[in-house]
Amino acid sequence: MQSLMPKPFIFRLVFIGSLLGTFHFASAQDSKLEQTATLKTVTGVVSDAQNKEIMIGVTISSLDGKHHSVSDENGNFSISLPEEQQQLVFRYMGYLNDTLSIVNNSMTPIQVLLKEESHTTGKELNIVDVVSRRKTTEIGLTGAFKVEKIGSNELMKAACCNLSESFETTPSVDVGFTDAVSGYKQIQMLGLAGAYTTFTRENIPDIRGLAAITGLSFTPGTFVESMQLSKGTGSVVNGFEGTAGQINVEWVKPFEDKSPKWLINGYQSTQGRSEGNLVYNHSFNKHLSTSVLLHGRSDWMKVDMNGDNFLDNPMGTNFVGSNRWFYFGDNGLEIQGGFKAVVLNMMGGQKNYTEGTPQVVGNAWGYENQVNRLETWAKIGKVFPNKPYKSMGLQLSGVFHDQSNRYGARTYDGSQQSFYANYIYQTIINNTNNIIKFGASAQYDKYKEQFNNTPLNRTEVVPGAFVEYAYKYLTKFNAVMGLRADYHNLFGAFLTPRLHLRYAPAENTAIRASIGRAQRTANFLAENMGFMASSRAFQLNGTDINTMQSGAYPFKPEVAWNMGLNLTQKFRLNYRDGTFGIDYYFTNFTNQIVVDMEQYNAVNFYNLDGKSYSHSIQAQVDYELIRNLDIRLAYRFYDIKTDYVSGSKEKPLVAAQRAFANIGYETKNNWKFDYTVQWIGAKRVPQRYNEHAQHIHGSDYSPTYWMMNAQINKSFKDSKYEVYLGMENIGNIMQHPLIVDAQNPFGNNFDASLVWGSGMGRNIYAGFRLNLK
Amino acid sequence: MKNLFIAMMAIGTLSISSSGFAQETSKIKSETVKVKGVCSMCKKRIEDAAYIKGVKRADWDVKTQELKVVYNADKTTLDKIEQSIAHTGHDAGNVVADKEKYKKLPSCCAYNDGAECSH
C-alpha cells in the first residue's frame, strides 16, 4: 500500500461536489414561498405542566403556519422564523394548544409548559393504525450514531426467511455462501467476516462464539419487527467487541398496538424448502403480556442444479421455538424474560450419501450438521416516573450451544456455555443536554471443541466497567464519549475508548465521525467451518492442527481500531423526498488471526505479523422517483489487504466493487412490486488445483456477475392477508465449477470452499402471511 | 473506478433534469386546504385521493387537519382535487364529503361522529 489515503477518497470529494449542485436546484424551487428575510432562531424545552415530564413530538409553528419544528426526544426544540414573527403556537394531541409571544433578540431558551386537555368521555375506539408511506429503510439525521433502520416492510422484500437472508436489499451488507455443501450464508460488513459484527437481540449479545456462522439461521424473519444496522464501533455500553459494526434485532412485541394477535406465515420454494412460522401475542392486562413464537423448516428435495453430483443445499429440518414475557409495573418497573430453543438436523454432500456411510475412498462423501441450542435472557429496568431522565437496567443472558459437524472424513464438534450480565445506570448532569451512563458487565464463555481427535478447550471470564457521556447542543451537535475497562482472564486488562460526533450544518444534513477500539477472541474453527468442506490441511502457525499437543488457546486476541466519516443528506427534488448518504470506514488491525488460504491444499491460521486493514467507501441514494415508486442506488468499494506469510495480498473471495439498484412500487390497491439487481465485481481467487489440466493454477480473479431478484406482493383487508410470489437469481447464474475436483472428494485436491459466486440456481417461491387481530 | 464515474454522471444528469422542472414553476401552485380526518389510515386515503393527474405533492397533517397540495394549474384545479377527496368520504375545503362514502369509512375515521385518534 502506497499511502494511507485510498484513491477513491479523491472521487468522494468530486461526488459531494456534483451532489451539492443537485441540492441547489432542489432548494431553488421549494424556497419560492419564502422571501429572504432575516431569520431568528428560538430554542427551548417543552414539558407537561402537571408532572413536568419532557414532551417529545410537540409541533411548534409560527402563527402564520409557514415555519414548523418538532420537539426532540429530550423535549428540546429549535425553530427558525422571520424577525417579524412574534408568536409561536405549540400543539400536541390531547393537550391544549398554547400560543406564546416571543421577545425579540432574546437568546435564552424558553420554557414551555403544556396543559393536558381534561379527559373527555373515555370511549374506547378500535383504532387501526396504518403506517402510510413510511420508508422501509430509514437513515436518521439525529443522534450521534448513523443507524439504518430496516423495517418489517423491507424484511418482507427478502425472499426468505432468516437473518442471513434478510440483507438482500441492504447494500451495506454482503451475503455469500461459506462453502458449496453446507448451504450456510455468511454476512460481511466493511468487507470483514460476520464474526466482526456484533449481533444483539434487543441489545443483549445474541450470536457469539461458536454460532458465528450458524446462528444467523436461528432468527426467523417472521419473529423480527425491525433491525438497526450501524457501521463502525458502537456504544461501549454493549461491550468491547463489534469491530465492523452492530446489528440489533427487535422482535415482535406482544404489548404493542400494531402487533397482531396471530401471525401465521407459510413459504414454499421450487428448491424443496418448506417453512412455517407462527407467532401468538397475548396481553393479559395492561401489565402482563406474552409471545409464543414457532418456526419449522424442512428441506426435503435433492437439488443439484449444477450437475456436480453434490447437493446444492443440504436436506433436513430446523425448529425454533421461543416464549417471552413482559411485565410493566405502575411505578416504572419493567421486567421481561424469555427463552429460545433451536434444534437443527441437516445432511448433504454427494447425492447418494446416507447417514452413517463410512467415509472412505469409493463411498459417497457426506456432510452432516446437528445443532442444539438454548438461549435464555431477562431484563429488569426501572425508570423514575418523576425523573424520566433517570433509569437503570440489568440485562442477563445464558446460552447453551452444542453442535456436531461431519465433512467427509473430518469431524468438528463444539459446545459453548455463556453467561452475560450488564448493569446500566443512566442520569443527567444539570440538564438533558448532558446524559451520562455507567455500569458494569461480566461475560463468561466456556468452549469445548474437538477437531478430528484434537481437543481445544478454553474458558474466558471478562468482568468490566464502562462510562459513557453524551453531550448535545440544540439539534446542531452531538458527542458521545465512551470508555470501558475490562479484565480478560487469558489476555489481561485492556481499555476500550470510543468517540462519536455528529454535526448538522443544516436542517437536512448530518455529518458524523467515529473512532473506537474493538477487541475479540477469534473462534477460528467455528468461524471458518467452510474450509472443512475441502481436503485442505488445517494448520496453526504452519503446523498441522492434528499434531498440536497443548490445549491452550494458541493466539492473541484480535484488536482493531475503526474510524469512520459519513454524510447523510435529505433532499426534496421535483416535490419528492430522497436521502443521499456517503460513508467511509477504515479498520486497522493491530492483531488479527490471519486466515491464510493462499496454498491450495491448506488453510493456515496465525497471528498477524505486519499490516491488515480495510478501507470501505459506500454511496447510496434513496429517492421516491414518482409517488409510491422508490428507487435505491448504491455503490461500494473496498480496499482490504493483509500481510500473509507469502506477502501483502488483497483479501480473497471478497468483491472490491459492488453496485446495487432496487426499485419498489406500490399501487393504491395494495399491490407491491420489488426488483433488485446487483453487479458483483471481480474477487481474487487464490491458488487452486485444476483437475482438467492437472496442475496448480495461480491466483487470479473471478468473473464479474449480475444477480437479480423480484417479488410481487398483494395484501388484502388492510394487510390482514398477504400473498407473495418471487424469484431469486432470475438469470440462473451459477459458479462453474463450484467444487474443485468434485469427482475425487477423498483425494488431496478436493475443495468446496472456493466459493465466489452463487451456489444455487434460479429459485421461485410463494408464500402467505396472516395478521389476525 | 469506471463505475464511480458512471454513478457521478448519473447524479449529474439528475441535476440537469431538475433544472428542467424548475422552469415550469410558474404554473405550479401550492395551496393549503382543510380536510377532515382522524388517523393515519385516513391520511393514506386522503393522500391517495389527492394524487390525481397534475398533482405534484400532497401532505396531510393529522394534527392541523390541513392538506398541503402542490399542483400544476394547467392540468388540474384545486376544486378537482377537493372533489376527488370528498368522493372518498372526507370533507375537503369547500366540498362536502360524499354521504354514502362517509358512511362506509371505518369507525375510526368517522370524524363527524366523535372518532378520535389515540396516537
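Predicted, not measured: the structure shown is a model, and the values here were computed from it.

1. Some thoughts on the overall build of chain A
Reasoning step 1: What chain A contains, in helices and strands, is two helices and 47 strands.
Reasoning step 2: Counted over contacts in chain A with a minimum sequence separation of 6, partners at least 24 positions apart contribute 64%.
Reasoning step 3: For chain A, the computed accessible surface area is about 31800 Å², with 57% contributed by carbon and sulfur atoms.

2. Describing the overall build of chain B
Reasoning step 1: Along its length, chain B carries four helices and three strands.
Reasoning step 2: Overall, chain B shows an N-to-C arrangement of helices and strands of α-β-α-β-β-α-α.
Reasoning step 3: Put simply, chain B has 119 residues, and 46% of those count as buried.
Reasoning step 4: For chain B, restricting intrachain contacts to residue pairs at least 6 apart in sequence, the fraction spanning at least 24 positions comes to 50%.

3. A closer look at the side chain of A:Q569
Reasoning step 1: Inspection of the secondary structure puts A:Q569 in strand β32 (residues 558-573).
Reasoning step 2: Here A:T509 takes part through its side chain, which lies 2.7 Å from a polar atom of the side chain of A:Q569.

4. Some details on helix α3 (residues 78-87) of chain B
Residues spaced three or four apart along an α-helix point in a common direction, a consequence of the helix completing one turn every 3.6 residues.
Reasoning step 1: Of the residues making up α3(B), those classed as buried are B:L78, B:I81, B:E82, B:S84, B:I85 and B:A86.
Reasoning step 2: The inward-facing, buried residues of α3(B) contact β1 (28-34), α2 (40-50), β2 (55-61) and β3 (66-72) of chain B.

5. Thoughts on the sheet that holds β2(B)
Residue and element names in this part refer to chain B.
Reasoning step 1: Read from one edge of the open sheet, three strands run β1-β3-β2, paired in antiparallel fashion. What marks the edges here is a single partner per strand, and that holds for β1 and β2. In this sheet, neighbouring strand axes are inclined to one another by 15 degrees on average, regardless of whether the strands run parallel or antiparallel.
Reasoning step 2: Its contacts with the sheet put α3 on β1, β2 and β3, and the angle it makes with β3 is roughly 130 degrees.

6. Some words on the packing of aromatic side chains
Residues and elements named next belong to chain A.
Reasoning step 1: Counted under the stated rule, the structure contains 32 aromatic pairs over all chains.
Reasoning step 2: Residues Y196 and F589 carry aromatic rings whose centres are separated by 5.4 Å and whose planes lie at 70 degrees to one another, so their mutual orientation is edge-to-face. Here F589 lies in strand β33 (residues 576-591) and Y196 lies in the loop between β12 (192-193) and β13 (197-201), a separation of 393 residues in the sequence. Side by side, Y196 and F589 carry an identical accessibility label, which is buried.
Reasoning step 3: Grouping aromatic residues by their ring pairs yields a cluster made of F451, F491, F524, F538, Y553, F555 and F605.

7. A few points about the environment of A:A211
Residues and elements named next belong to chain A.
Reasoning step 1: Among the structural elements, A211 can be located in the loop between β14 (204-205) and β15 (224-231).
Reasoning step 2: Overall, the relative accessible area of 0% leaves A211 in the buried class.
Reasoning step 3: Discounting chain neighbours no more than four positions away, the residues touching A211 are L216, R373, H401 and Q416.

8. Details of the pairing of strand β27 (residues 477-488) of chain A
All names here are of chain A.
Reasoning step 1: Examined bridge by bridge, strand β26 (residues 454-473) and β27 share 10 bridges and lie antiparallel to one another. Within β27, the position partnered with Y473 by the bridge is F477.
Reasoning step 2: If you look at the hairpin formed by β26 and β27, you'll find three residues sitting between the two strands, and L474 has a positive phi there, around 45 degrees.
Reasoning step 3: Where β27 meets strand β28 (residues 492-503), 12 bridges bridge the pair, whose relative direction is antiparallel.

9. Notes on the pattern of salt bridges
Residue and element names in this part refer to chain A.
Reasoning step 1: The final tally for this structure, using the stated rule, is 39 salt bridges over all chains.
Reasoning step 2: A salt bridge links K253 to E202, with the shortest nitrogen-to-oxygen separation between them at 3.4 Å. Placement of the pair is K253 in the loop between β16 (245-251) and β17 (262-269) and E202 in the loop between β13 and β14, with a sequence separation of 51 residues. Assigned by exposure class, K253 and E202 land together as buried.
Reasoning step 3: A salt bridge links E202 to R324; the shortest N-O distance between them is 2.8 Å. Separated by 122 residues along the polypeptide, E202 in the loop between β13 and β14 and R324 in strand β20 (residues 315-328) bring together distant segments of the chain.
Reasoning step 4: Residue classification places R324 among the buried positions, given a relative accessible area of 1%.
Reasoning step 5: It is possible to trace a salt-bridge network through shared partners that takes in R201, D206, K340, R373 and E375.

10. A word on the pairing of β33(A)
Residue and element names in this part refer to chain A.
Reasoning step 1: The buried fraction of β33 amounts to 13 of the 16 residues, a majority that puts the element mostly inside the structure.
Reasoning step 2: Where β32 and β33 come together, 15 bridges link them in antiparallel fashion. Paired with L573 across the bridge in β33 is R576.
Reasoning step 3: Turn length for the β32-β33 hairpin, with the two strands adjacent in sequence and antiparallel, is two residues, and the turn residue N574 shows positive phi of about 50 degrees.
Reasoning step 4: Here 11 bridges tie β33 to strand β36 (residues 612-626), and the two strands are oriented antiparallel to one another. Within β36, the position partnered with G581 by the bridge is Q620.

11. Comments concerning the nonpolar core
Reasoning step 1: The biggest cluster of nonpolar side chains holds 92 residues, and the ones touching the most others in it are A:M227, A:I247, A:F524, A:L525 and A:F538.
Reasoning step 2: Setting aside residues no more than four positions away along its own chain, A:F538 makes contact with A:R410, A:F451, A:L525, A:N528, A:F531, A:M532, A:T543, A:D544, A:I545, A:V603 and A:F605.
Reasoning step 3: B:V33, B:A58, B:I81 and B:L105 belong to the second largest nonpolar core, which has 27 residues in total.

12. Focus: the confidence of the model for chain B
Residues and elements named next belong to chain B.
Reasoning step 1: In the predicted model, chain B carries a mean pLDDT of 79, and 75% of its residues have values of at least 70.
Reasoning step 2: Within chain B, the lowest mean pLDDT, 48, falls on helix α1 (residues 2-22), and the highest, 93, falls on β3.
Reasoning step 3: Of the regions scoring below 50 in pLDDT, residues 12-23 engages in nine contacts with residues more than four places distant in sequence or in other chains.

13. Section: α2(B)
Residue and element names in this part refer to chain B.
Reasoning step 1: A large share of α2 lies buried, amounting to nine of its 11 residues.
Reasoning step 2: Turning to α2, its buried residues are S40, M41, C42, R45, I46, E47, D48, A49 and A50.
Reasoning step 3: Taken together, the buried residues of α2 touch β2, β3 and α3.

14. Re the sheet that holds β12(A)
All names here are of chain A.
Reasoning step 1: The antiparallel open sheet is built from three strands, whose spatial order is β10-β11-β12. Of all the strands in the sheet, just β10 (173-177) and β12 have a single pairing partner and so form its edges.
Reasoning step 2: With two bridges joining them, strand β11 (residues 185-189) and β12 adopt antiparallel strand pairing. Residue pairing across strands places M189 opposite L192, the latter belonging to β12.

15. Focus: the state of the cysteines
Residue and element names in this part refer to chain B.
Reasoning step 1: On inspection of all chains with the given rule, the structure shows zero disulfides over all chains.
Reasoning step 2: Counting only cysteine sulfurs, C42 is the nearest neighbor of C39, a cysteine outside any disulfide, at a range of 3.7 Å.
Reasoning step 3: Judged by its relative accessible area of 1%, C39 is buried.

16. Concerning the confidence of the model for chain A
Residue and element names in this part refer to chain A.
Reasoning step 1: Within chain A, residue pLDDT values average 87, and 90% of them lie at 70 or more.
Reasoning step 2: Segment residues 1-37 is flagged for pLDDT under 50; beyond a separation of four residues in sequence, or across chains, it makes 53 contacts in the model.
Reasoning step 3: This stretch, residues 118-134, has a pLDDT under 50; its non-local contacts, to residues over four places away or in other chains, come to 27 contacts.

17. Notes on the environment of A:L311
Residue and element names in this part refer to chain A.
Reasoning step 1: For L311, the location among the structural elements is in the loop between β19 (288-299) and β20.
Reasoning step 2: Here L311 falls in the buried class, since its relative accessible area comes to 4%.
Reasoning step 3: Separated by 448 residues in sequence, L311 and G759 have C-alpha atoms that sit 9.9 Å apart.
Reasoning step 4: Among residues more than four places away in sequence, those in contact with L311 are A180, K302, V303, M347, G348, G349 and K351.

18. Observations concerning the packing of α2(B) against α3(B)
Residue and element names in this part refer to chain B.
Reasoning step 1: Following both chains from N to C, one finds α2 and α3 inclined at 140 degrees, their axes separated by 8 Å at the closest point. The orientation of α2 relative to α3 falls into the category oblique. Seen along the crossing, α2 lies across α3 with a hand that is right-handed. In this structure, α2 uses I46, A49 and A50 to contact α3, whose residues at the interface are I81, S84 and I85.
Reasoning step 2: Here the contact of α2 with α3 is composed, by residue class, of five nonpolar, one polar and no charged.

What counts and what doesn't
Residues numbered from 1 in each chain as written. Chains lettered and ligands numbered in written order. Predicted model: local features only at pLDDT ≥ 70, side-chain atom pairs only at ≥ 80, totals over all residues. Heavy atoms only, no water. Helix = DSSP H or I, 4+ residues; strand = E, 2+ residues; numbered from the N terminus. Contact = heavy atoms within 4.5 Å. Areas by Shrake-Rupley, 256 points an atom, 1.4 Å probe, with all protein chains shown as cover. Buried < 20%, exposed > 50% of the residue type's maximum accessible area, 1.4 Å probe, protein only. Polar contact = N/O pair within 3.5 Å; in protein donor to acceptor, adjacent residues only side chain to side chain. Pairing = 2+ DSSP bridges. Axes fitted to C-alpha atoms, helices over the stretch in contact; angles between N-to-C directions. Phe/Tyr/Trp six-rings, centres within 6.5 Å; stacked < 30°, edge-to-face > 60°. Salt bridge = Lys/Arg side-chain N within 4 Å of Asp/Glu carboxyl O. Core = buried A, V, L, I, M, F, W, Y, C linked by side-chain atoms within 4.5 Å. pLDDT = per-residue confidence, 0-100. Disulfide = S-S within 2.5 Å. Parallel < 35°, antiparallel > 145°, perpendicular 65-115°, else oblique. Left-handed = near helix turned anticlockwise from the far one by under 90°. Nonpolar A, V, L, I, M, F, W, Y, C, P; charged D, E, K, R; others polar.

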